[in-house]
Amino acid sequence: MAKLRRGAGLILGALMPFTATLHAQTNPDWTTPIAPFRIAGNLYYVGGKDLASYLIVTPQGGILLNSSLESSVPLIQASVEQLGFKFKDIKILLISHSHFDHDAGSAEVIRQTGAKYMVMDGDVSVVETGGATDFAYAKDTYPPAKVDRILHDNDTVTLGGTVLTAHKTAGHTRGCTTWTMVAKEAGQPLNVVIVGSWNVNSGWRLVDRPGTSASYPGIAADYRHSFATLKGLQCDVFLGAHGAYFGMLGKLQRIKAGATQNVWVDPQGYQAAVAEREQAFETELKRQEN
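The structure displayed is predicted, hence computed values, not measured ones.

Caption draft 1: Just the packing of aromatic side chains, in detail. Summed over the entire model, instances satisfying the criterion amount to 15 aromatic pairs. Look at F227 and F281: their rings are 5.9 Å apart centre to centre, the planes differ by 35°, and that puts the pair in the tilted class. Pair noted here: F227 is in helix α6 (residues 219-232) and F281 is in helix α8 (residues 267-289), with a separation of 54 residues, a long-range link. Just as F227 is buried, F281 falls in that class too. Following the ring pairs from residue to residue traces out a cluster consisting of F37, Y45, Y54, W198, F238, Y245, F246, W264 and Y270.

So this is what it looks like as structure tokens:
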């Protein structure tokens, strides 16, 4: 397989308009570009101001995590090229979960790169129908993409000596995935956790009640299992599907101000965020049960 080559040019151009049906109200922070940057070892940030995409560089090609919006693909490509790599050398495409803000660009990424698309079992139907089988957002349609490999809990994805582990942290979607890997920084291994999502969105039903049913069978149990999984992960570098999950903009400001410590190493922040989101889930569950 081809090595991910460093390239010279930055691809410029306006972002393409959305083509999906209900995407007109997109958060502007999702489409605002920021300069790409290296996080640790062979792991880079190539997303927007809040909508996160990651590039993992290996001698045998690249892994892209999150294709984001349809309109995000030029932004991601420009970021990859700005870092000095070739977008077309991406060999594997992964996602955090099957909502349009994280996977609507997948068909275009695959078209341009030929990357193999690997998706957690619970989300396969959604991405292959372009969002039509999503339990909450079936009208948020986008170009469908064929999955090349169906992943299961604790499966690994390996390329060029880098290994990512897929942890099924369902609830937010049926196949929501938290990714872990080890990145070496200054010769030291760092445990990286990239959270898929831990949020209960407005209007979601966690319990069966007379005349109504849960958003999908077992959703509350999935959330509880997911929080148990998240609490058990070893985390040095705390990342997520949105920059807001891990305070990305604040940490970038600390770098700009001359921080002497690696701001991305934040195990305490990770545990605090997991605990806060778990409490928010339990509070909403209790409200719906009463």
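Next comes the rest of the description.
Caption draft 2: Representation of the environment of D101 within the structure. For D101, the position within the fold is in helix α3 (residues 100-103). Along the backbone, D101 and T26 are 75 residues apart, and their C-alpha atoms lie at a distance of 8.6 Å. Leaving out residues up to four positions away in the same chain, D101 has contacts with W30, L51, S68, L69 and H242. Of note is the side chain of D101, whose polar atom sits 3.4 Å from the side chain of H242.

Caption draft 3: Structural detail: the sheet that holds strand β7 (residues 149-151). One open sheet holds the 7 strands; their spatial order is β1-β2-β3-β4-β5-β6-β7, and the pairing between them is mixed. Of all the strands in the sheet, just β1 (37-40) and β7 have a single pairing partner and so form its edges. Across this sheet, the average inter-strand angle for adjacent strands is 25°, counted without regard to direction. Taken together, the 5 bridges between strand β3 (residues 54-58) and strand β4 (residues 61-65) define a ladder with antiparallel strand orientation. In the sheet register, I56 faces β4, and the bridge partner there is I63. Strands β4, β5 (90-94) and β6 (116-120) of the sheet are contacted by helix α4 (residues 106-113), whose axis makes an angle of about 165° with β5.

Caption draft 4: The sheet that holds strand β10 (residues 177-185), seen in detail. The strand order across the open sheet built from 5 strands is β8-β9-β10-β11-β12, with neighbouring strands paired in mixed fashion. Strands at the two margins of the open sheet, each flanked by one partner only, are β8 (156-159) and β12 (237-240). Along the sheet, successive strands turn relative to each other by an average axial angle of 25°, direction set aside. Inspection of the sheet shows β8 paired to strand β9 (residues 162-168) by 4 bridges, in the antiparallel sense. Among the inter-strand pairings, L159 is bridged to a residue of β9, identified as T162.

Caption draft 5: Highlighting the pairing of β4. Extensive coverage of β4 is indicated by the burial of 5 of its 5 residues. Taking the residues that link successive antiparallel strands as the turn, the β3-β4 hairpin has 2 residues. Both β4 and β5 contribute to a ladder of 4 bridges, which runs parallel. Note that in β5 the partner of I63 across the bridge is I92. Each parallel crossover has a hand, and for β4 linked through helix α2 (residues 72-82) to β5 it is right-handed.

Definitions and limits used
Residues numbered from 1 in each chain as written. Predicted model: local features only at pLDDT ≥ 70, side-chain atom pairs only at ≥ 80, totals over all residues. Heavy atoms only, no water. Phe/Tyr/Trp six-rings, centres within 6.5 Å; stacked < 30°, edge-to-face > 60°. Helix = DSSP H or I, 4+ residues; strand = E, 2+ residues; numbered from the N terminus. Buried < 20%, exposed > 50% of the residue type's maximum accessible area, 1.4 Å probe, protein only. Contact = heavy atoms within 4.5 Å. Polar contact = N/O pair within 3.5 Å; in protein donor to acceptor, adjacent residues only side chain to side chain. Pairing = 2+ DSSP bridges. Axes fitted to C-alpha atoms, helices over the stretch in contact; angles between N-to-C directions. Right-handed = clockwise from strand over helix to strand, strands pointing away.

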